[in-house]
Structures are given as C-alpha cells and as structure tokens.
Amino acid sequence: MAYSETSSASIGSIPSSEGPPCHCSQRTVMTVSWTDENPGRRFYKCEEHGFFLWHDKEKSCPWQKKSLLEAREKILSQREEIKALSAALRQANGQITALEVSRSSGSINDTLKRIEDHVSAHINETQRMVRKVVVCSGGGLALAAALMVYYLKK
Ligand SMILES: [Zn+2]
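Conventions we followed
- Residues numbered from 1 in each chain as written.
- Predicted model: local features only at pLDDT ≥ 70, side-chain atom pairs only at ≥ 80, totals over all residues.
- Helix = DSSP H or I, 4+ residues; strand = E, 2+ residues; numbered from the N terminus.
- UniProt positions renumbered as here; feature names shortened; annotations may be inferred.
- pLDDT = per-residue confidence, 0-100.
- Pairing = 2+ DSSP bridges.

**Section: the overall build of the protein chain**
So, point 1. Counting secondary structure elements, the protein chain contains 3 helices and 4 strands.
So, point 2. From first element to last, N terminus to C terminus, the protein chain shows the α and β order α-β-β-β-β-α-α.

**Side note on unusual backbone geometry**
So, point 1. Residue Ser25 is not a glycine yet carries a positive backbone phi of 70°.
So, point 2. Tracing the sequence through the fold places Ser25 in the loop between β1 (13-21) and β2 (27-32).

**So, the UniProt feature "coiled-coil region" (unreviewed entry) in the protein chain**
So, point 1. If you check UniProt for "coiled-coil region" (unreviewed entry), the listed places come out as residues 68-102 in our numbering.
So, point 2. Secondary structure across residues 68-102 comprises 100% helix and 0% strand; the distance between its end C-alpha atoms is 51 Å.

**Let's talk about the confidence of the model for the protein chain**
So, point 1. Summarising the model, the protein chain shows a mean pLDDT of 81, and 79% of its residues fall at 70 or more.
So, point 2. The secondary structure element of the protein chain with the lowest average pLDDT is helix α1 (residues 4-7), at 54, and the one with the highest is strand β3 (residues 42-46), at 94.

**Focus on the pairing of strand β4 (residues 50-54)**
So, point 1. With 4 bridges joining them, β3 and β4 adopt antiparallel strand pairing. From the neighbouring strand, Cys46 faces β4, where its bridge partner is Gly50.

This is how it looks when you write it as structure tokens:
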C-alpha cells in the first residue's frame, strides 16, 4: 500500500526539500501524495524505493479529503484541457507552416514573373514612345531651323 503513494496520480513533488536518508542511504525527497486515500498528504520518497516516511503524521480529515480530491480532479481535467489545446495549437501551426510553404513554392513566383513581364513590356513601350517623341521633336527642330534659314535668307 505504501509504495502506491508514488505511482498513482502524482501531481508534483517538492524537490527542494530533502528528507531523512533512506535505508539505501540515498536522500529522500518530500513529495505530495494525490491518492484517493491520502490526497495532499506529504511524504518522503526515495528515488529508488518510493515511499519512505510520512511528513504529515495525521491523515487529512474527511472534509479536507473531499475538497482536496475535488481540487485534484479539477487540476487533472485542466491538465487534459491544456494538453488538448496545445495539440490543437501544434496542428494549427503545422497547417500555417504548410500554407506558407505552398505559397512560397510556385504560385507566388509565377505571379512575380507575370508582374516582371508586364513591367518590362511597359518599359519597352515607354522607350519606343520616348524615341518617337525625340524623332518628332527632332523633325520639328529641323523644320524650325529650315524656316529660320529661309527667313534669314529673305
Ligand atoms: Zn532507497
């Protein structure tokens, strides 16, 4: 019966507080029992042999036991909830990562390529237009020069 204190429903130990040495001469560690029989009752535990000695000599009284067992249930169910939530979070993160990978490979590069093509087509068109304007104004200048020459000769 004593050994079961460590095995079932242990919620946490208090590793800082060391107890008397076990018969194997290892230091024992103060631990809180969370069994149905001894909820919240502290005891010393050997890493090798488990239960060693009760720290709380008295068993908890019936109402303490009841409220401690309720608290234990609450903690355990919250722990399950946290486990489920973090599993859901991991899954969501995995989906986001997968989405980012699928976005970066292919489709976005295709879009960028299309934009690049579009822009370089525009640049070519603009260069043609600029050349045309230069040619036109060049022609205009030539005409103006010809007219000036004509009037000066007069
Ligand atoms: Zn021991």
